[in-house]
Amino acid sequence: MSTPHLTSTQASSESETSTRAPGSSASKRRTATLSTAQLLAAFPGAVRKLDPRQMWRNPVMFIVEVGAALTTVLGIAEPFLGGPETSGGTDVPPTFTLGIAFWLWLTVIFANLAESVAEGRGKAQADSLRKTRSDTETHRLTAYDPSGDPAAENAAVEALSSADLRLGDVVVVVAGELIPGDGDIVWGIASVDESAITGESAPVVRESGGERSAVTGGTRVLSDRIVVQITSKPGETFVDRMIALVEGATRQKTPNEMALNILLASLSIVFLVVTLTINPIADYSAAAVSVPVLVALLVCLIPTTIGALLSAIGIAGMDRLVQRNVLAMSGRAVEAAGDVTTLLLDKTGTITYGNRRATEFTPLSSGVSQADLVRAAALASLSDPTPEGKSIVDLAGENGFVHTGTLAGDVVPFTAQTRMSGVDLTDITTDGAPLIRKGAGSAVTAWVEETTSVPDPVRAALATQVERISTLGGTPLVVAAGSAGGPRTILGVIYLKDIVKEGIAERFAELRAMGIRTIMVTGDNPLTAKTIAAEAGVDDFLAEATPEEKLTLIRKEQEGGNLVAMTGDGTNDAPALAQADVGVAMNTGTSAAKEAGNMVDLDSDPTKLIDIVRIGKQLLITRGALTTFSIANDIAKYFAIIPAMFAGVFPGLAALNVMQLHSPASAILSAIIFNAIIIVVLIPLALRGVNYRPVSASQILGRNLLIYGLGGVIAPFMGIKIVDLVVSLIPGF
Amino acid sequence: MDGWLALLQVLTLVLVLAVLYRPLGDYMAHIYTSRHDLAIERGFYRLIGVSSRSEQTWPAYLRGVLAFSAVGVLLVYAIQRAQAVLPYSLGFPAIPEGLSFNTAVSFVTNTNWQSYSPDVTMGYAVQLIGLTVQNFVSSAVGIAVAVALVRAFALRKSGTIGNFWIDLTRGILRLLLPVSVIAAIVLLAGGVIQNVNGFTDVTTLSGATQSIPGGPVASQEAIKIFGTNGGGFFNANSAHPFENPSAWTSLFQIVLMLAIPFSLPRTFGRVVGDNRQGYAILATMATLFVVSLTAITMFELGGAGTAPQAAGGAMEGKETRFGIAASTLYATATTLTSTGAVNSMHDSYTALGGMMPMLNMMLGEVAPGGTGSGLYGMLILAVIAVFVAGLLVGRTPEYLGKKIGPREIKLASLYILVTPTLVLAGTALSFAIPAVRADVEGTSIWNPGLHGLSEVLYAFTSAANNNGSAFAGLTANTPWFNTALGVAMLLGRFLPIVLVLALASSLAAQDRVPATVGTLPTNRPQFVGLLIGVTVIITALTYFPVLALGPLAEGLQ
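Residues numbered from 1 in each chain as written. Chains lettered and ligands numbered in written order. Predicted model: local features only at pLDDT ≥ 70, side-chain atom pairs only at ≥ 80, totals over all residues. Heavy atoms only, no water.

- Under the annotation held in an unreviewed UniProt entry, chain B carries the name Potassium-transporting ATPase potassium-binding subunit and is attributed to Cryobacterium melibiosiphilum.
- Recorded under Subcellular location (unreviewed entry), the UniProt text for chain B is reproduced unchanged: "Cell membrane".
- As its UniProt record puts it under Function (unreviewed entry), chain B is described as follows: "Part of the high-affinity ATP-driven potassium transport (or Kdp) system, which catalyzes the hydrolysis of ATP coupled with the electrogenic transport of potassium into the cytoplasm. This subunit binds the extracellular potassium ions and delivers the ions to the membrane domain of KdpB through an intramembrane tunnel." (UniProt positions renumbered as here; feature names shortened; annotations may be inferred.)

- Chain A is annotated in an unreviewed UniProt entry as Potassium-transporting ATPase ATP-binding subunit of Cryobacterium melibiosiphilum.
- Its UniProt record gives chain A a comment under Subunit (unreviewed entry), which states: "The system is composed of three essential subunits: KdpA, KdpB and KdpC."
- Here is the UniProt Catalytic activity (unreviewed entry) comment for chain A, exactly as written: "K(+)(out) + ATP + H2O = K(+)(in) + ADP + phosphate + H(+)".

As structure tokens, then:
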């Protein structure tokens with residue numbers, strides 16, 4: 001596929017896989033692999049980043065670069081100054097200083113490489129997005145009269161470049177043209193190919209008014225003609241923002257990242273003090289240490305592993321979202337997603353399938369057979385295009401109803417006034433009951449009573465059934481038949497069930513384990529809402545919800561200190577989206593909704609909120625894990641370097657050389673080499689993110705402390721030893 | 001035999017402290033959150049013009065701490081300089097400027113480092129109206145700052161953090177004074193002297209003349225220990241029979257010095273409304289304490305060399321009336337709190353044994369630390385631990401419902417930067433500046449080489465951490481040490497206080513985030529383990545090289 005995004009089907013199947021088996025290889029994304037080609041492609045960028053003005057922004061790696069420069073100068077100067085000076089009372093091999101310098105440069109380059117690789121992925125996506133932004137000629141109305149000539153049939157039109165469009169301009173777009181900028185359709189209906197943005201190749205319908213009026217610049221109109229009012233400033237369109245986002249150009253440090261940077265900088269300062277104070281003290285009680293050794297010690301102690309990978313982790317986190325077709329307007333929003341404690345979910349489409357399904361036919365009196373009811377219901381629904389109608393026919397088929405031939409008659413469509421639908425058959429073979437109606441209980445009863453009075457037992461049975469189905473969370477649909485002037489009877493009730501999505505209860509259980517409360521928002525009555533809520537396993541629900549109530553609910557949750565996430569698509573969702581800490585707007589939604597939210601889901605899949613939360617958490621965990629690992633590494637490095645530093649003066653310190661490293665010089669060089677290589681080894685992890693399981697905080701902490709804390713203590717002991725075995729083969733070491 | 005006695009002694013200590021934990025902790029929580037003022041307090045507030053209902057912002061609270069302490073330094077300095085004209089001065093002359101500065105700073109900062117030999121330097125007037133007063137108030141200042149931080153965890157969206165003058169007054173009047181009076185009486189009963197007799201010349205059995213000092217010791221001894229001050233009335237400090245006559249007074253002193261620091265976690269738990277939070281902090285402190293005590297006792301009992309073997313352990317520098325176990329227990333308690341009183345000479349410990357008191361102080365005086373300073377130090381470490389843990393579980397870190405963001409981490413990080421920088425820079429400068437080095441090597445250091453380094457390192461560790469114990473063997477009454485240690489004590493005390501109060505303010509200003517299963521619980525053993533890990537690793541990473549150049553190198557020779 002030429003577009004950078006996954007199609008929506010791919011994305012959703014992936015997200016489902018990762019829910020069911022977060023640790024399975026199936027959920028490992030393409031980010032997991034890091035090819036040599038990728039590394040090579042990123043190499044020039046990594047070297048360019050050596051510019052100190054850029055390095056300065058990463059204090060930890062800046063220290064390493066300064067150290068590298070210093071040791072390089074020393075290494076070059078040494079031969080002219082009578083060879084390397086002794087360090088800590090030990091002679092140093094002549095290649096030592098330059099060896100250290102070489103590996104220090106590599107350390108810096110590896111760090112830059114991590115960032116470049118992460119950025120590289122974004123660049124490729126940005127390039128293909130940029131193609132959609134190329135200037136197109138467009139037709140602007142010189143004057144638009146919304147009331148007199150909404151279709152702009154007679155308005156004067158001028159041609160100009162899409163780059164010159166201003167906010168508020170009105171343009172006409174016809175089939176085959178690119179929409180020149182983000183806007184709202186003010187007149188017309190069109191099918192639009194949005195694959196450039198969403199990766200979804202099937203065209204979507206956009207029309208003026210209502211929830212589907214927003215169009216995105218760079219998408220192509222496939223049919224018809226629309227009048228669009230531009231709602232974005234030049235250079236600030238959706239695509240522009242998307243490009244900036246995937247390229248990492250607008251990446252601002254998030255609060256947690258800033259806090260972590262401060263901690264890392266402080267640790268670096270502590271180690272700088274430790275290193276700078278060694279020589280005055282050693283000069284008194286032992287023997288002074290040479291500068292390259294001090295630099296090596298400093299670099300080993302400062303948290304270079306996390307310092308090198310920190311920005312790559314952030315970029316990769318955003319990238320993971322983009323791959324799921326979610327655009328976050330800021331890194332802050334992604335981080336907030338990891339902190340979310342309350343999730344507001346719309347019932348329809350998120351928790352239940354958008355449409356209800358018939359699941360049961362119940363005759364109301366002994367005079368009506370099940371077959372009669374099934375047949376009447378099916379006939380009434382054959383021409384009903386709604387999913388509910390289709391589900392009735394399906395269920396009737398399962399109950400033995402076979403329809404042959406064609407049906408002669410008039411379809412009575414559903415209206416809000418009659419609150420029922422049905423057929424008026426003209427084929428009188430239907431034993432004297434050519435009229436069939438289905439609909440709300442009161443409406444159908446009234447229709448029957450136009451000619452016939454309903455007997456009390458039937459009335460009572462009807463009331464019982466309606467009550468029962470409502471309590472079950474379903475919608476009762478009453479079926480009646482009769483003739484125009486003759487007798488009419490209530491046949492029975494169809495149970496239309498709201499079908500809760502498969503696996504949704506498990507997802508909510510998962511969320512609960514993550515410490516997130518779910519609240520279902522629905523327009524249903526409380527009785528129905530309660531039943532669905534119980535079946536889906538949400539923690540709470542808001543029934544008969546209005547947009548205002550939604551907003552009030554969010555405010556109330558936030559006052560209690562909760563962070564709220566929600567999805568929305570309508571203009572009336574905009575205030576709530578803006579109020580929520582994480583507001584995910586559906587791409588199909590209005591531009592008001594998209595402006596109000598801080599994320600846009602290009603697939604318009606409300607369940608994706610759960611993935612967003614997961615990615616937010618994963619981002620933090622990856623940072624935490626590598627920080628812990630980085631600091632835990634220091635213990636082994638101390639055991640390598642300290643005995644080596646003073647081996648000449650205090651042979652007793654050899655007791656601390658638990659790794660039995662070959663010589664002081666090889667011990668120090670090995671520690672530096674390990675320190676550099678571990679960065680490359682961890683790049684894939686930084687890009688992929690640490691595995692996240694939805695279990696309690698204690699369990700996650702225990703597991704991660706074991707892997708990255710204890711692992712971070714043990715791994716370098718083995719790593720440095722292995723490197724030392726190799727280094728010891730170098731002559732002089 | 002020795003082992004069993006040692007164990008029995010520790011068990012007694014644990015039992016007493018366990019009994020004290022709840023009532024003392026609850027009582028302190030009551031003192032600092034009560035809305036009721038005593039009559040005497042109301043009078044005092046009127047006198048200094050403070051309304052007992054007024055709350056202070058953190059800069060105002062800090063100004064109170066700094067102004068009060070500055071006045072304290074000036075007063076103690078002036079009293080020492082005026083010693084010659086003060087009554088009950090035993091004929092001692094005025095204290096020289098450098099030493100006066102060092103001593104004034106030392107007692108105001110709750111360090112109580114003594115560059116002098118009190119028996120032959122300080123008259124009763126200076127001891128009573130200068131040093132003893134500071135023993136009370138410096139301790140009360142420490143508790144006040146800790147309480148301000150603790151209250152901040154409980155406050156919601158508050159712009160203020162309490163009132164320094166009220167916290168100070170209540171700490172002195174309701175806690176330190178009453179307990180000290182009782183403790184002084186107990187010590188008197190145990191044989192500690194209390195008189196104004198000056199020196200008594202006696203003729204000993206062998207016919208020689210000996211000058212026996214007297215003094216108001218018991219009254220000063222009680223607060224010296226209870227307020228984790230540690231500045232001795234006599235040079236030998238609590239090894240002196242007039243300060244610490246017997247094994248049981250020694251144990252009593254240990255109880256006194258640990259009582260407040262080990263009960264403050266209860267106060268913390270009580271004020272934030274979750275006693276288990278207090279137990280978690282207590283468990284962290286106690287674990288570090290027990291491990292450290294075990295290590296030093298083993299090093300001393302297993303002391304290498306002929307003499308220690310013959311004596312059944314390293315007895316050099318220890319009093320026979322205490323023995324090894326009671327000495328190491330005292331040494332551990334005095335250096336893990338910021339007391340610094342000694343009943344044995346740490347300088348004479350085995351190399352590795354002598355490293356332990358140093359390591360204890362290097363932990364940052366947090367297990368359980370000084371009165372107040374121990375708790376706030378540990379809470380700072382808890383903030384760091386929570387931050388790392390929060391990242392590891394994928395949530396913006398929060399401690400007791402307060403988010404740990406950039407500002408909080410900045411303050412906590414700066415806090416843990418302060419003392420290591422002071423210790424290492426001070427030690428390094430002692431050898432880096434040629435003139436200073438000549439003076440240090442020529443005048444101050446008694447044991448050149450590795451042990452000499454340990455002595456200097458110990459001095460700066462003790463000063464910067466406001467402990468005050470000395471490794472001995474170092475002549476510190478020199479211009480360099482009086483000044484450098486004085487500066488280390490000042491910065492080591494007040495920079496952290498600035499940071500703690502700023503942190504308190506930013507915590508108090510926040511709302512409390514409700515806990516969910518996604519929140520990392522900070523009252524479980526897991527967190528205790530993490531907090532211990534963070535404390536030990538920060539210390540180890542900071543001090544490993546310098547320890548390797550001193551005590552470690554000496555011990556592994």
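So that's the structure; there's more coming.
## Some words on the overall build of chain A
- A tally of helices and strands in chain A yields 23 helices and 22 strands.
- Here the C-alpha atoms of chain A give a radius of gyration of 34 Å, more than 25% beyond the 27 Å that 2.2 N^0.38 yields for 733 residues.
- The dimensions of chain A, computed from C-alpha atoms along their principal axes, are 120 × 65 × 50 Å.
- When the 733 residues of chain A are sorted by exposure, 56% land in the buried category.
- Surface exposure of chain A reaches about 28,400 Å², of which carbon and sulfur atoms provide 59%.
- On chain A, the mean spot of the 56 positive side-chain charges and the mean spot of the 73 negative ones are 5 Å from each other. (Helix = DSSP H or I, 4+ residues; strand = E, 2+ residues; numbered from the N terminus. Rg over C-alpha atoms; globule rule 2.2 N^0.38 Å. Buried < 20%, exposed > 50% of the residue type's maximum accessible area, 1.4 Å probe, protein only. Areas by Shrake-Rupley, 256 points an atom, 1.4 Å probe, with all protein chains shown as cover. Lys, Arg positive; Asp, Glu negative; His and termini not counted. Charge placed at Lys NZ, Arg CZ, Asp CG, Glu CD.)

## What to know about the sheet that holds strand β4 (residues 183–187) of chain A
- In spatial order, the strands read β2-β1-β3-β9-β4-β7 (chain A); together these six strands make up an open sheet with antiparallel pairing. Single-partner strands in this sheet number two, and they are β2 (157–161) and β7 (214–215) of chain A. (Pairing = 2+ DSSP bridges.)

## Considering the UniProt feature "transmembrane region" (unreviewed entry) in chain A
Residue and element names in this part refer to chain A.
- The feature "transmembrane region" (unreviewed entry), as given by UniProt, occupies residues 58–76, 96–114, 260–282, 294–316, 638–659, 665–685 and 705–730 in the numbering adopted here.
- Helix makes up 100% of residues 96–114 and strand 0%. Its end C-alpha atoms lie 27 Å apart.
- Along residues 665–685 one finds 100% helix and 0% strand; the C-alpha atoms at either end are 31 Å apart.

## As for the interface of chain A and chain B
- At the junction of the two partners, chain A supplies 58 residues and chain B supplies 57 residues.
- Taken together, the two surfaces of chain A and chain B that pack against each other cover about 4,900 Å², and 76% of this comes from carbon and sulfur.
- The largest share of the area that chain A buries against chain B comes from Ile281, Tyr284 and Leu701 of chain A, three residues that together contribute 16% of it.
- At the boundary of chain A with chain B, the tally comes to one salt bridge.
- The salt bridge partner of arginine 437 of chain B is aspartate 283 of chain A, with a shortest N-O separation of 2.8 Å.
- Joining chain A to chain B, the criterion identifies twelve residue pairs in polar contact (both at pLDDT 80 or more).
- Counting residues per element, the ones that place at least two in the side of chain A that touches chain B are α8 (255–285), α11 (331–339), α16 (504–513), α21 (608–645) and α23 (697–727) of chain A.
- A per-element tally of the side of chain A that touches chain B places α8 of chain A first, with 21 residues. (Contact = heavy atoms within 4.5 Å. Buried area = accessible area lost by both parts, 1.4 Å probe. Salt bridge = Lys/Arg side-chain N within 4 Å of Asp/Glu carboxyl O. Polar contact = N/O pair within 3.5 Å; in protein donor to acceptor, adjacent residues only side chain to side chain.)

## Some words on the side chain of threonine 71 of chain A
Residues and elements named next belong to chain A.
- With respect to the helices, strands and loops of the structure, threonine 71 is situated in helix α4 (residues 59–77).
- Polar side-chain contacts of threonine 71 include one of 2.8 Å to the backbone oxygen of glycine 67.
- Of note is the side chain of threonine 71, whose polar atom sits 3.0 Å from the backbone oxygen of alanine 68.
- If near-sequence neighbours (up to four positions away) are discounted, threonine 71 is found in contact with Thr97, Ile100, Ala101, Leu104, Pro292 and Val295.

## Section: a nonpolar patch on the surface
- Nonpolar side chains collect at one region of the surface, where Leu706, Ile707, Leu710, Ile714, Met718 and Ile722 of chain A lie side by side and expose about 580 Å² of accessible area between them.
- Under the relative-accessibility criterion, isoleucine 707 of chain A is labelled partly exposed at 40%. (Patch = residues over 30% accessible without salt bridge, like charges linked within 9 Å, V, L, I, M, F, W, Y side chains within 5 Å.)

## Some details on empty space enclosed by the protein
Residue and element names in this part refer to chain B.
- Tallying each qualifying case throughout the model produces eleven cavities of 30 Å³ or more.
- Reported here for the largest cavity is a volume of approximately 330 Å³.
- As for the largest cavity, its lining consists of 27 residues, of which Gly364, Glu365, Tyr415, Thr419 and Asn465 are closest to the centre.
- Tallied by class, residues from the lining of the largest cavity come to twelve nonpolar, 13 polar and two charged. (1 Å grid on protein atoms, 1.4 Å probe; cavity = no way out; pocket = protein on both sides within 12 Å on 5 of 7 lines; lining within 4 Å. Points joined across faces, edges and corners; volume = space filled by probe spheres on them. Nonpolar A, V, L, I, M, F, W, Y, C, P; charged D, E, K, R; others polar.)

## Here we look at the UniProt feature "binding site: Mg(2+)" (unreviewed entry) in chain A
All names here are of chain A.
- Per the UniProt record, the feature "binding site: Mg(2+)" (unreviewed entry) sits at Asp569 and Asp573.
- Mapped onto the elements of the fold, aspartate 569 is located in the loop between β20 (564–568) and α19 (574–579).
- Tracing the backbone through its elements, the reader meets aspartate 573 in the loop between β20 and α19.
- Classification of aspartate 573 as buried rests on a relative accessible area of 8%.
- If we skip the residues at most four places from it in the chain, aspartate 573 touches Lys550 and Gly568.

## A look at the sheet that holds strand β10 (residues 326–328) of chain A
Residues and elements named next belong to chain A.
- The strand order across the open sheet built from seven strands is β10-β22-β21-β20-β11-β18-β19, with neighbouring strands paired in mixed fashion. The open sheet has two edge strands, β10 and β19 (540–542), and neither has a second partner. Between one strand axis and the next, the sheet turns through 20° on average, direction left out of account.
- Here three bridges tie strand β21 (residues 582–586) to strand β22 (residues 599–601), and the two strands are oriented parallel to one another. If you follow alanine 585 over to β22, its bridge partner there is valine 600.
- Those strands touched by helix α17 (residues 526–536) are β18 (517–521) and β19, and its axis lies near 150° from that of β19.
- Most of the contacts of α21 go to strand β11 (residues 342–346), to which it runs at about 160°, and overall it touches β10, β11, β20, β21 and β22. (Axes fitted to C-alpha atoms, helices over the stretch in contact; angles between N-to-C directions.)

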